[in-house]
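These are the residues of each chain, in order.
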Amino acid sequence: MNIPVLAFRYLLSRPLMSAIYILLMALGMATITSLLLFSNQLHTRFLQEARGIDVVVGAKGSPLQLILSTVQHMDIPSGNIPYAEAMRIKRNRSVKSAIPLALGDRYHNWRIVGSEPLYLEHFKAEFQEGALWSNSFQVVLGAEVAASTGMRIGSAFVGDHGLAGDASGHVHDEHPYRVVGILKPTGRVVDRLILTSLESVIEIHEEEGASREKEITALLLTYRTKTAAFSFPRQINSQTSFLAASPSFELSRLIDLVGIGQDTLLVIGGIFVGSSLLSILIGLFTAISQRKYDLALFRSLGAGPRKIFTLILTEGMLLVASGILTGILLGYAGLYCIGRFTEKGQELGLAVLPLLPNIFIIGAGVAILSLVIISIPAIRAYRADIQNTLMTKG
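Residues numbered from 1 in each chain as written. Predicted model: local features only at pLDDT ≥ 70, side-chain atom pairs only at ≥ 80, totals over all residues. Heavy atoms only, no water.

Let's talk about the environment of Glu 347
Then, in step 1: Mapping Glu 347 onto the fold places it in helix H12 (residues 343-347).
Then, in step 2: Overall, the relative accessible area of 8% leaves Glu 347 in the buried class.
Then, in step 3: Residues Glu 347 and Arg 45 lie 302 residues apart in sequence; the distance between their C-alpha atoms is 9.0 Å.
Then, in step 4: Residue contacts for Glu 347: discarding those within four places in its chain leaves Arg 45, His 73, Met 74 and Arg 192. (Helix = DSSP H or I, 4+ residues; strand = E, 2+ residues; numbered from the N terminus. Buried < 20%, exposed > 50% of the residue type's maximum accessible area, 1.4 Å probe, protein only. Contact = heavy atoms within 4.5 Å.)

Below you can see the structure in the form of structure tokens.
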């Protein structure tokens, strides 16, 4: 007599109820899994990109928008700043290094970023093939851009004006870009960028008459000393027309805000799991009541109380284990699809998901709790009076 096979066959004899129990458990575990994965990727990606940048100086507006648009490349900057004034800030005695960025154009959904070689050094980027630009309108492709577009060394393309990703932007067909380098994958935002010289982006917009003077989007700065963090942003915000924002502060605040909503969804996931366990508990009690003669007959044929206990326990744990595993797989698969097929998912790197220990610890915790709960109806079956049951049936 094979207890697991017997338990499995019984569950198959009640496919609808078994499917409902598994679905409830799977929904709860999928919610918990996807939220833990999303939170991990959000935290890792945001803080990873902000590492090595003490402050960002750009146009007045929202500090968070400034950080998201220039550090994460996930938003549209509020405006530009004069190049000459930005260079004066670059020479400030509190500044150790400064990386200028010029945004405003794209190729399909890939941003074209004008900067300096120091920007590639910031990411420790290495070349897969080709080399750095040496003239205007030469570009270096991030690994994801090259893989998605199929462009190689020598490929040419024209950029569209604007960062919104729609088809309404003006095409800069008078200034085609040519690919001279392709970067190795870094796992960072540079993989999704098209990089060119600062002058290339400035020149295009100067010829369009977009401004009367040279403009850039922002400066990514590192401090010469730690004490500069207390005085430099205040100086910029109060004495200039620019905005200075700390990436670590703004992104930590964003993560905290997102965490409030995640906590609510985690509670919902817990409710699904709890509802599933309650349903399984009630279902097993009902099943024992309906099968008490069968179980008594099973006992009379030689099955001891322990085998009856193990049978009921196995039935419940098969439902729980199926729900937990299905939920974890659904959580990973759902987030992977978002990361693979949506723009924001790609920006957050959701297509590459780690095996988080916390997810499996929670799964193990749910399984242990389930074992305790399912033991209650199993003990009832264990203690059943077979003689009285058979006599009643007879």
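There is more to say, and it comes next.
Topic: the environment of Gln 235
Then, in step 1: Structurally, Gln 235 can be placed in helix H8 (residues 228-239).
Then, in step 2: Given the relative accessible area of 31%, Gln 235 is considered partly exposed.
Then, in step 3: When near neighbours in sequence (up to four residues on either side) are disregarded, Gln 235 contacts Asn 92 and Thr 240.

Focus: the nonpolar core
Then, in step 1: Counting 65 residues, the largest nonpolar core has Met 25, Phe 46, Val 56, Tyr 119, Leu 195 and Leu 220 as the members making the most contacts within it.
Then, in step 2: Here Leu 195 is in contact with Val 113, Tyr 119, Leu 120, Trp 133, Gln 138, Val 139, Val 140, Leu 183 and Val 190, once residues within four sequence places are set aside.
Then, in step 3: If you look at the next biggest cluster of nonpolar residues, it comprises 22 residues, including Ile 89, Val 95, Leu 219 and Ala 244. (Core = buried A, V, L, I, M, F, W, Y, C linked by side-chain atoms within 4.5 Å.)

Things to note about a nonpolar patch on the surface
Then, in step 1: Together, Leu 16, Met 17 and Ile 20 make up a nonpolar patch on the protein surface, roughly 270 Å² of accessible area in all.
Then, in step 2: Tracing the backbone through its elements, the reader meets Ile 20 in helix H2 (residues 15-50). (Patch = residues over 30% accessible without salt bridge, like charges linked within 9 Å, V, L, I, M, F, W, Y side chains within 5 Å. Areas by Shrake-Rupley, 256 points an atom, 1.4 Å probe, with all protein chains shown as cover. Salt bridge = Lys/Arg side-chain N within 4 Å of Asp/Glu carboxyl O.)

Thoughts on the pattern of salt bridges
Then, in step 1: The tally for this structure, following the rule as stated, stands at 5 salt bridges.
Then, in step 2: Measuring nitrogen to oxygen at the nearest pair gives 3.5 Å for the salt bridge that ties Glu 126 to Lys 184. Highlighted residues: Glu 126 in the loop between helix H5 (117-122) and strand E5 (127-130) and Lys 184 in the loop between strand E9 (177-183) and strand E10 (193-197), separated in sequence by 58 residues.
Then, in step 3: The exposure class of Glu 126 is partly exposed, given its relative accessible area of 47%.
Then, in step 4: Exposure remark for Lys 184: the relative accessible area of 33% places this residue in the partly exposed category.
Then, in step 5: We note a salt bridge from Glu 250 to Arg 253, for which the minimum N-O separation is 2.8 Å. In this pair, Glu 250 and Arg 253 are both assigned in helix H9 (residues 247-290), 3 residues apart and thus about one turn of the helix distant.
Then, in step 6: Under the relative-accessibility criterion, Arg 253 is labelled partly exposed at 39%.

Some remarks on the packing of aromatic side chains
Then, in step 1: A complete count under the given rule lists 5 aromatic pairs for this structure.
Then, in step 2: Between Tyr 107 and Phe 157, the aromatic rings sit 4.6 Å apart at their centres with planes inclined by 45 degrees, giving tilted as the arrangement. One end of the pair, Tyr 107, is in strand E3 (residues 95-107); the other, Phe 157, is in strand E7 (residues 156-157), and 50 residues separate them in sequence.
Then, in step 3: Looking at Tyr 107, the relative accessible area reads 17%, which means it is buried. (Phe/Tyr/Trp six-rings, centres within 6.5 Å; stacked < 30°, edge-to-face > 60°.)

Some thoughts on the pairing of strand E13 (residues 242-245)
Then, in step 1: The alternating pattern of E13 places Phe 242 and Ala 244 on one face and Leu 243 and Ala 245 on the opposite face, and all of these are buried.
Then, in step 2: Strand direction decides the pairing type here: strand E1 (residues 55-59) and E13, joined by 4 bridges, are antiparallel. The partner of Gly 58 across the bridge, within E13, is Leu 243. (Pairing = 2+ DSSP bridges.)

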